[in-house]
Amino acid sequence: MLKFARWSIALVILLVAGAFYWTLPNLFSAQTVASWPSILPNKQIMLGLDLRGGAHLLLQVERDSLVEPRVKALFSDIRSTMRSERIGYVNLKSSERSVSLSLRDASDRDKAMEALRELTVPIQSGLFGQGAVSEVDLKASGDRITATLTEIGIEERLRSAVDQSRGVLERRINALGTTEPTIQRQGTDRILVQVPGISDQDNERLKKLVNDPAVMTFHLECLEGTLTEALQNRPPPGCEIAETDEPAEPQILITSRSRLSGDDLVDAQPGFDSQSNTPIITFRFNRRGGAVFGQMTQENVNRRFAIKLNDRVITAPVIRSPILGGVGQIEGNFTVESANDLSILLRAGALPAELTIIEERTVGPSLGQDSIAAGKIAAVIGMIGVVVFMVIVYGLFGVFANIALTINIIMVAAVLTALQATLTLPGIAGIVLTIGMAVDANVLIFERIREEVALGRSAINAIEAGFRQALRTILDANITTGIAAVALFALGSGPIRGFAVTLLIGIITTVFTAFVMTRMIVALWVRRTRPKTVPV
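The notes below deal with the structure included here. Being a predicted model, the structure only gives us computed values, none of them experimental.

## Some remarks on the sheet that holds strand E5 (residues 136-141)
Strand pairing in a sheet is mediated by backbone hydrogen bonds. Such pairs are either parallel or antiparallel. Taken in spatial order, the 4 strands line up as E3-E4-E6-E5 in an open sheet, and their pairing is antiparallel. The open sheet has two free edges, formed respectively by strand E3 (89-94) and E5, since each of these has just one partner strand. Shown here is a sheet whose adjacent strand axes are inclined to one another by a mean of 15°, direction ignored. Pairing geometry for E3 and strand E4 (residues 98-103), over 4 bridges, is antiparallel. Residue pairing for E4: Lys93 is matched across the bridge by Ser100. On the sheet, helix H4 (residues 64-84) packs against E3, E4, E5 and strand E6 (144-149) and is oriented at approximately 170° with respect to E3. Against the sheet, helix H5 (residues 109-116) touches E4, E5 and E6, its axis set at about 175° to E5.

Here it is, written out as C-alpha cells:
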C-alpha cells in the first residue's frame, strides 16, 4: 500500500498541476483573464442566478389560447364535411368549447354522424392502442348534432403545448448568447425561465423574446377591390384589411388565405441591404416552402407580397421578378437589434400558445456578491477549523491531511471550471460539505492506524494496514452518499441539481485525495525517514 512507482508519482503530480492550471483563471477578474494570451486557460466557474444576478420569469401557457383556435378549426371542419357530403343543415354555431348544428332532415342523422366520426380520431394512443385520448365528443339529439372538446383532450393539448413552448424558448434564449439559462417545466401549465448575468436593459429584451408568439404568414395583395372600397363597405370575399408598420400606409388589403407560413422557414439571419446599407433579414424556405414561394412569385409578378407577423404586415414589397431557390429578404424599419431579435424568433419558430408572465424577479449582482462573500466566509471558517483540528489531534499526519484537503478543493474548482457547470449557493454548500467529507476519510484512516499501533504492529505495518483496512469503509460511505447525490440530480431541479453536481465531484476528488494523495505523501515520508513510531 505504501509502494509508489515513479511513473505513478509523476502521473499524480501531473494531475495536480493540471488542476492548478484549470483553476488559475478563477483567481483573477474576467477582464484580466480576457486579456491573457490564448495559450493560457480562460474559462472561469459559471455562477448561477443566486450568485451572479439575472432574470427570473415564471410563464403560464394560457388555456384559452389553445381552446379558441381549436374550436374555430372544428367549426371549419364540420362545415366542410357537411358540404362535401351534401347534407343539409342550418344554425351552425360555436360556443366556448363546442360546435353545434341542426339538420334540415332528421333522417340524415346517421349519415351525418358517420361523416363527422373522423373528427373523434384519438390524438394520442398508449401502448398497444390502450389509453387513447379522444379530443372531440360527438353527440346527437333529435336533429341537433353537437361536437364538444373533451377535458382530457384539452389537457393533452396543453401538455404538448408546454413541451413545445419550452423547446421554442430554449432556441430563442440560447440564440441570445446567454450562458447556462434554466428553462424547465413547472406543474402542468407553467415554464420557469432563469437567465444569469443579464442586465436590466437585456431583461426587457428577454421578456419581449419569450412573450412574442412570432406567427408569420405570407399573403398576396387582394385584387378584387380597393382598400378605399373595403373601408367604406367591407372587404371582398377571401380578403381582409391588415394593419401595417408603415406610417405612410397604415392599412393594406390582402388575401385572407396564406399558402406559406413561418413553419416553412429553415433559416433567418440579420444582414444589411447592399444598396441602402439598412438592416434587413434574409430567410430561406424548406423544399416545400421554396417550391410554393417560387410558384407564387412566378405567377404574380408586379403584384405586392405582404409578410405578416402577429397580425401586422411588417413589409409588402412588389414582386419585380420570380424568386426561385427559396431565398428572400425582409425589409422594414429595422434597427440592428430588432433585425437580430426577429431573426432569432423566426429561426426558433412560433409559440403554439399564448404565454403570460405571472411572476417576475430580477436578482441584482449586489445580492449575488453578498451570497458569494457569505459562502467564502463559511468556507474559510470551515477550512480553518478543520485545519486546526487535524493538526491538534493528528500532528504531522494532520498536516499531510491538510495538504491533501487543499488539493481536493482545487480539484473540485478545476472540474467545475472544465465542465462549465453552474455554481449556485447550494453548490457552495456542497463544497463546504466536501471539506468535511475529505477530512472524515482521513480521520477513518488515522484512527485505523491508531488501532493497529495499539495491537502492537510496527509503525510501517500499522500505516499500511490502516490505509488498507479503511479503504472499504471509505468506499462504502462515499458510494452511499454518491447514490443520494445521483438521485438528487435526477429528480431535483435548479439549485438542487447544482448541489448534487458539486457533491458528486467532491465525492470523487475526496476518494482520490484521501486514498492517493495522502497515502502518497505518507509513503514518501516513510521512505525518507523510516520511522520507528507513528506521529498520530
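## As for the sheet that holds strand E14 (residues 279-285)
Pairing is antiparallel across the open sheet formed by 3 strands, whose spatial order is E13-E14-E17. The outermost strands of the open sheet, each flanked by one partner alone, are strand E13 (265-272) and strand E17 (327-331). With strand direction ignored, the average angle separating the axes of adjacent strands in the sheet is 25°. As defined by bridge partners, E13 adjoins E14 across 7 bridges and the pair is classed as antiparallel. The residue bridging Pro270 from the neighbouring strand is Ile281, located in E14. Together, E14 and E17 form the strand contacts of helix H9 (residues 287-299), whose direction differs from that of E14 by roughly 110°. This element, helix H10 (residues 336-348), spans E13, E14 and E17 of the sheet and lies at about 170° to E13.

## Quick notes on the state of the cysteines
With the rule as written, the count across this model stands at 1 disulfide. Here Cys222 connects covalently by a disulfide to Cys239, the sulfurs 2.0 Å from one another. Taking the torsion about the sulfur-sulfur bond, which here is approximately 70°, the covalent link between Cys222 and Cys239 counts as right-handed. Of the two residues, Cys222 sits in the loop between strand E9 (216-220) and helix H8 (227-232) while Cys239 sits in strand E10 (residues 239-246), which places them 17 residues apart along the sequence. Note on accessibility: Cys222 and Cys239 belong to one class, buried.

Cut-offs and rules
Residues numbered from 1 in each chain as written. Predicted model: local features only at pLDDT ≥ 70, side-chain atom pairs only at ≥ 80, totals over all residues. Heavy atoms only, no water. Pairing = 2+ DSSP bridges. Helix = DSSP H or I, 4+ residues; strand = E, 2+ residues; numbered from the N terminus. Axes fitted to C-alpha atoms, helices over the stretch in contact; angles between N-to-C directions. Contact = heavy atoms within 4.5 Å. Disulfide = S-S within 2.5 Å. Buried < 20%, exposed > 50% of the residue type's maximum accessible area, 1.4 Å probe, protein only.

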